[in-house]
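Each chain is listed here by its residues.
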Amino acid sequence: MEEQVLKKIDLLKEEMFLAERKVADYITANPQEVVKLNVTDLAERSGSSDATVIRMCKRLGYGGFYQMKLALAQELGRYQMVGYIDASDNPESAKEVIQCLTRDLLRIAELLDEEKVQRCADLICTSNRVFVSAVGNTIPVAMDFAFRLCRLGINATCETIVEYGMASMVKGDEKDMLLAVSHSGSSKHVIQTVDIANRKNMQTVAVTGSSSSTLARSVGFYLLTTVENPLFGEYGSTTHIYEQAVLDAVLYQVSKRQKQEKDTEGIEAILAEYKI
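Description of the structure in this document. (Residues numbered from 1 in each chain as written. Predicted model: local features only at pLDDT ≥ 70, side-chain atom pairs only at ≥ 80, totals over all residues. Heavy atoms only, no water.)

1. As for the nonpolar core
Side chains of nonpolar character tend, in soluble globular proteins, to be buried together.
Then, number 1: Core analysis: the largest hydrophobic core is formed by 37 residues, its most contacted members being Cys120, Ile124, Phe145, Leu149 and Val254.
Then, number 2: Every residue in contact with leucine 149, bar those within four places of it in the chain, is listed here: Ile124, Val130, Ile154, Ala156, Leu251 and Val254.
Then, number 3: One finds Val5, Met56, Tyr62 and Ala71 within the second-largest nonpolar core, a separate group that totals 22 residues. (Core = buried A, V, L, I, M, F, W, Y, C linked by side-chain atoms within 4.5 Å. Buried < 20%, exposed > 50% of the residue type's maximum accessible area, 1.4 Å probe, protein only. Contact = heavy atoms within 4.5 Å.)

Quick look at the structure:
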């Protein structure tokens with residue numbers, strides 16, 4: 001993911017010429033004001049020239065001042081929406097934790113490939129069976145997704161014991177699908193289920209946080225949950241709200257298709273018997 005303007009300035013400031021630093025310092029000190037200025041206004045207020053402003057913007061990796069200002073405006077708008085900026089600030093309150101997670105979800109939304117989401121929903125709806133694979137901490141998310149697919153009338157399964165899941169795929173074929181969920185993309189057992197699915201010519205999709213992982217390279221296509229500086233770190237007690245959000249986006253598209261094609265009221269009527 002492309003870094004934000006203010007963070008780029010902080011990282012590259014030492015490489016800048018003195019005149020460029022004056023522009024950078026002014027942007028850092030007055031970001032809200034800068035998005036309302038043109039290149040000449042910024043040059044005058046920072047005590048530099050138009051050429052210096054443009055050169056500094058290009059040093060940050062933008063085509064010019066306009067592109068930098070647009071990125072800065074988007075950055076500030078996102079921060080205003082969630083009320084929290086950087087996970088490295090270590091949120092103290094429950095409110096800040098939720099604001100931090102909201103910020104991360106907005107970043108995932110920016111990266112999410114809509115075409116792939118629609119394609120994944122299509123595959124789920126047209127497959128005879130949908131196998132959902134996960135290991136360890138991600139199992140509850142995968143089980144929840146498979147259960148909700150079943151409530152929509154989709155033949156979906158997720159085994160808590162990986163070996164059972166692999167065994168259930170033995171008679172799979174090209175009319176079936178495997179959805180593999182792994183934050184790291186390096187879970188050995190999840191990758192093994194993909195290997196089996198590929199041998200059976202199944203359609204394979206991954207929900208993962210790394211586009212360069214073994215899992216991402218093994219499947220037909222993947223949906224990313226990449227986050228900068230995740231709240232709980234990359235591993236350990238990492239939150240699963242990222243995977244849950246992407247799966248919910250897919251599930252919503254599936255539900256729209258199912259409402260048009262199938263009647264699931266019978267399923268809900270049966271499940272309703274277990275409610276007070």
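Having seen the model, we can carry on.
2. Focus on the environment of leucine 152
Then, number 1: Residue position: leucine 152 is located in the loop between α9 (139-151) and β2 (156-157).
Then, number 2: Among the residues examined, leucine 152 registers a relative accessible area of 17% and is labelled buried. (Helix = DSSP H or I, 4+ residues; strand = E, 2+ residues; numbered from the N terminus.)

3. Here's the deal with the sheet that holds β2
Through backbone hydrogen bonds, the strands of a sheet pair up, either in parallel or in antiparallel fashion.
Then, number 1: Read from one edge of the open sheet, five strands run β2-β1-β3-β4-β5, paired in parallel fashion. Only two strands of the sheet have a single neighbouring strand rather than two, namely β2 and β5 (221-224).
Then, number 2: Relative to strand β3 (residues 177-182), strand β1 (residues 130-133) runs parallel, the two sharing four bridges. Looking at β3, one finds that serine 133 is bridged to alanine 180.
Then, number 3: Packed onto the sheet, helix α11 (residues 188-199) meets β1, β3 and β4 (203-208) and runs at close to 165 degrees relative to β3. (Pairing = 2+ DSSP bridges. Axes fitted to C-alpha atoms, helices over the stretch in contact; angles between N-to-C directions.)

4. Quick look at the environment of alanine 167
Then, number 1: Take alanine 167: it is sitting in helix α10 (residues 162-168).
Then, number 2: The partly exposed category is assigned to alanine 167, whose relative accessible area is 49%.
Then, number 3: Separated by 26 residues in sequence, alanine 167 and threonine 193 have C-alpha atoms that sit 9.6 Å apart.

5. Brief notes about helix α5 (residues 50-59)
Then, number 1: Taken residue by residue, α5 has Thr52, Val53, Met56 and Cys57 as its buried positions. Viewed along the axis of α5, the buried residues span an arc of 135 degrees, placing them on a single side of the element.
Then, number 2: Immediately beyond the C-terminal end of α5, within one or two residues, lies glycine 61, with a positive phi of roughly 105 degrees. (Arc of directions from axis to C-beta.)

6. Some points on the pattern of salt bridges
Then, number 1: Counting across every chain of the model gives ten salt bridges.
Then, number 2: Salt-bridge contacts for aspartate 25 lead to lysine 13; the nearest nitrogen and oxygen are separated by 2.3 Å. One end of the pair, aspartate 25, is in helix α2 (residues 18-29); the other, lysine 13, is in the loop between α1 (5-12) and α2, and twelve residues separate them in sequence.
Then, number 3: Among the ionic pairs, glutamate 20 bridges to arginine 55, the shortest N-O distance being 2.9 Å. Placement of glutamate 20 in helix α2 and of arginine 55 in helix α5 is noted, with a sequence separation of 35 residues between them.
Then, number 4: Assessed through its relative accessible area of 0%, glutamate 20 is described here as buried.
Then, number 5: A residue is classified by how much of its surface remains accessible, and arginine 55, at 38% relative accessible area, is partly exposed.
Then, number 6: Connected through shared salt-bridge partners, Glu20, Arg55 and Arg59 make up one network. (Salt bridge = Lys/Arg side-chain N within 4 Å of Asp/Glu carboxyl O.)

7. Describing the packing of α2 against helix α4 (residues 39-46)
Then, number 1: It is the contact of α2 with α4, at a shortest axis distance of 9 Å, that shows an interaxial angle of 100 degrees. Accordingly, the angle class assigned to the pair α2 and α4 is roughly perpendicular. Of the residues in α4, those touching α2 at Lys22, Val23, Tyr26 and Ile27 are Leu42, Arg45 and Ser46.
Then, number 2: Of the residues belonging to the contact of α2 with α4, the class tally is four nonpolar, one polar and two charged. (Parallel < 35°, antiparallel > 145°, perpendicular 65-115°, else oblique. Nonpolar A, V, L, I, M, F, W, Y, C, P; charged D, E, K, R; others polar.)

8. Some details on helix α8 (residues 114-126)
Then, number 1: Given a rise of 1.5 Å per residue, 13 residues ought to cover 18 Å, and the 19 Å separating the end C-alpha atoms of α8 matches this to within 8%.
Then, number 2: Of the residues making up α8, those classed as buried are Val117, Cys120, Ala121, Leu123, Ile124 and Cys125. (Expected span 1.5 Å × (residues − 1).)

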